[in-house]
Amino acid sequence: MGWILGLLLRMATFIAAVIWSAAIAPALPVHEIQVEARKFAFEPAVIMVTAGEPVRLVIHARDTTHGFSIKELNFHLEIPRSSEAVTAEFTAPPPGRYEIACSEFCGRGHRHMKAVLVSVAAGPSNH
Ligand SMILES: [Cu+2]
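**Student:** Can you tell me about the sheet that holds strand β7 (residues 86–91), naming the residues and giving the values?
**Tutor:** Two modes of strand pairing occur in sheets, parallel and antiparallel, and in both the strands are linked by backbone hydrogen bonds. Spatially, four strands are ordered β2-β1-β4-β7 in an open sheet, and the strand pairing comes out mixed. Strands at the two margins of the open sheet, each flanked by one partner only, are β2 (41–43) and β7. Averaged over neighbouring strand pairs, the angle between their axes works out to 25° when direction is ignored. Of the pairings in the sheet, the one linking strand β1 (residues 31–38) to β2 comprises three bridges and is antiparallel in character. Bridge pairing links Glu 36 to Glu 43 in β2.

Okay, structure coming up:
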């Protein structure tokens, strides 16, 4: 009977290790960024992220419906005018600059409603 107990114990240890590593694996905390969309700008105009980190954007349209679009990443959101913010999560892209544009016509300055997502490489100090 002892071997059954030993086997069970080993299985339990293995399962515990799997659960432990699954819980610890997403070690990078979610980088939450509040963004305000208004005629005709995004605030902040430069959104800084670290490549590979999980990012949560919480976007609020203050005056009318706007869009939040990063063409290069095929990322498009409609931000309806409302007191409710729109939340979206994604993994920060490889290092680089990605143009953000409003994708919902919002008035005369719509074409100029732009911002930029800047992704930087994770430094050794970030660990
Ligand atoms: Cu617009």
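**Student:** Go over the environment of Pro 95, please, and point to the residues and values.
**Tutor:** Within the element layout of this structure, Pro 95 appears in the loop between β7 and β8 (96–101). Since 14 C-beta atoms lie within 10 Å of it, Pro 95 is described here as partly exposed. When the C-alpha positions of Pro 95 and Val 49 are compared, they lie 9.0 Å apart, and in sequence the two are 46 residues distant. Not counting the four nearest positions on each side in its chain, Pro 95 is found in contact with Ala 51, Ser 119, Val 120 and Ala 121.

**Student:** Which residues make up the pairing of β1, and what are the values?
**Tutor:** Two faces make up the sheet, and in a regular strand the side chains alternate between them. Bridging between β1 and strand β4 (residues 54–61) involves seven bridges; their strand directions are parallel. What sits directly across from Ala 37, in β4, is Ala 61.

**Student:** Can you break down the environment of His 76 residue by residue, with the values?
**Tutor:** With respect to the helices and strands, the residue His 76 is situated in strand β6 (residues 75–79). The exposure class of His 76 is partly exposed, given the 14 C-beta atoms found within 10 Å. Residue contacts for His 76: discarding those within four places in its chain leaves Gly 67, Ser 69 and Ser 103.

**Student:** Let's hear about the nonpolar core: which residues, and what values?
**Tutor:** In terms of nonpolar packing, the biggest core is built from 19 residues, with Val 35, Ala 37, Ile 59 and Ile 100 touching the most fellow members. Broken down by secondary-structure element, the contributors of at least two residues to this core are β1, β3 (46–50), β4, β5 (66–70) and β9 (114–120). Not counting the four nearest positions on each side in its chain, Ile 100 is found in contact with Phe 42, Phe 68, Ser 69, Ile 70, Lys 114, Ala 115, Val 116 and Leu 117.

Parameters at a glance
Residues take numbers from 1 onward in each chain, read along the sequence in its written order. pLDDT decides what is reported in this predicted model: residues at 70 or higher carry local features, side-chain atom pairs at 80 or more are listed and counted, and totals for whole chains, interfaces and linings draw on all residues regardless. Two strands are said to pair when DSSP picks up at least two bridges between them. A run of H or I in DSSP becomes a helix once it reaches four residues, and a run of E becomes a strand once it reaches two; helices and strands are each numbered from the N terminus. Orientation is described by lines fitted to C-alpha atoms, with helices fitted over the stretch in contact, and by angles between N-to-C directions that extend from 0 to 180 degrees. With C-beta atoms placed from the backbone, a residue is labelled by how many other C-beta atoms lie within 10 Å of its own: buried for 20 or more, exposed for 12 or fewer, partly exposed between the two. Here the contact rule is simple: place C-beta atoms from the backbone, and any two residues whose C-beta atoms are within 7 Å are in contact. Joining buried Ala, Val, Leu, Ile, Met, Phe, Trp, Tyr and Cys residues through C-beta atoms within 7 Å gives a set, and that set is a nonpolar core.

That is the geometry; function is a separate question.
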